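Report on the structure
Read off the chains here:
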Amino acid sequence: MLSSKVTVSAPSGLHARPAGELVKIVKSFSDTEVKICSGARCVNASSMLSILSLGIKNGTELEVSASGPSEAGALEAVCAFLSAVSD
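What this report covers is the structure whose coordinates are included nearby. What you see is a predicted model, and the numbers here were worked out from it, not measured in a lab. (Residues numbered from 1 in each chain as written. Predicted model: local features only at pLDDT ≥ 70, side-chain atom pairs only at ≥ 80, totals over all residues. Heavy atoms only, no water.)

**A short note on the sheet that holds strand 3 (residues 41-44)**
- Taken together, the four strands give an open sheet; going across it, the order is 1-4-2-3, and neighbouring strands pair in antiparallel fashion. Only two strands of the sheet have a single partner each, and these edge strands are strand 1 (2-7) and strand 3. For this sheet, the mean inter-axis angle between neighbouring strands, taken without regard to orientation, is 25 degrees.
- Bridge count between strand 2 (residues 33-38) and strand 3: four bridges; the pairing is antiparallel. When the bridges of strand 3 are listed, Ile-36 appears paired with Val-43.
- Helix 3 (residues 71-84) rests against strand 1, strand 2 and strand 4 (61-67) of the sheet, and its axis sits at about 5 degrees to strand 1. (Pairing = 2+ DSSP bridges. Helix = DSSP H or I, 4+ residues; strand = E, 2+ residues; numbered from the N terminus. Axes fitted to C-alpha atoms, helices over the stretch in contact; angles between N-to-C directions. Contact = heavy atoms within 4.5 Å.)

**As for helix 1 (residues 16-27)**
- Between its first and last C-alpha atoms helix 1 spans 16 Å; for 12 residues at 1.5 Å apiece the expected length is 16 Å, and the two agree.
- Along helix 1, the residues that are buried comprise Pro-18, Ala-19, Gly-20, Leu-22, Val-23 and Val-26.
- The elements touched by buried residues of helix 1 are strand 2, helix 2 (48-53) and helix 3. (Expected span 1.5 Å × (residues − 1). Buried < 20%, exposed > 50% of the residue type's maximum accessible area, 1.4 Å probe, protein only.)

**Overview of the side chain of Glu-71**
- Here Glu-71 is to be found in helix 3.
- The buried charged residue Glu-71 lacks any salt bridge, with Lys-35 as its nearest oppositely charged partner at 13 Å. (Lys, Arg positive; Asp, Glu negative; His and termini not counted. Salt bridge = Lys/Arg side-chain N within 4 Å of Asp/Glu carboxyl O.)

**Remarks on the state of the cysteines**
- As enumerated under the stated definition, the model contains one disulfide in all.
- Two residues share a disulfide in this structure: Cys-37 and Cys-42, whose sulfurs sit 2.0 Å from each other. One quick way to see it: the torsion about the S-S bond of Cys-37 and Cys-42 is about 110 degrees, and its sign makes the bridge right-handed.
- A relative accessible area of 13% means that Cys-37 is categorised as buried.
- What makes Cys-42 partly exposed here is its relative accessible area of 45%. (Disulfide = S-S within 2.5 Å.)

This is the structure in structure tokens:
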């Protein structure tokens, strides 16, 4: 399992549209489980509702973890998206 910390850069936080895009990225790595943690709460990143339940705002630091055959690629793709997403 690999993990990394990333700060969300979207001015409006992670609302429905970017959360949906994130889920598409995660699902493209179907052989790997990706989790996103905000504080003490961790959710499966393949569920848009779970991601939205975190209430991620601009500047929130998240811990992203990936476990599986494509963990390095999944972690890199998710962290790159979260740090570059804009509204």
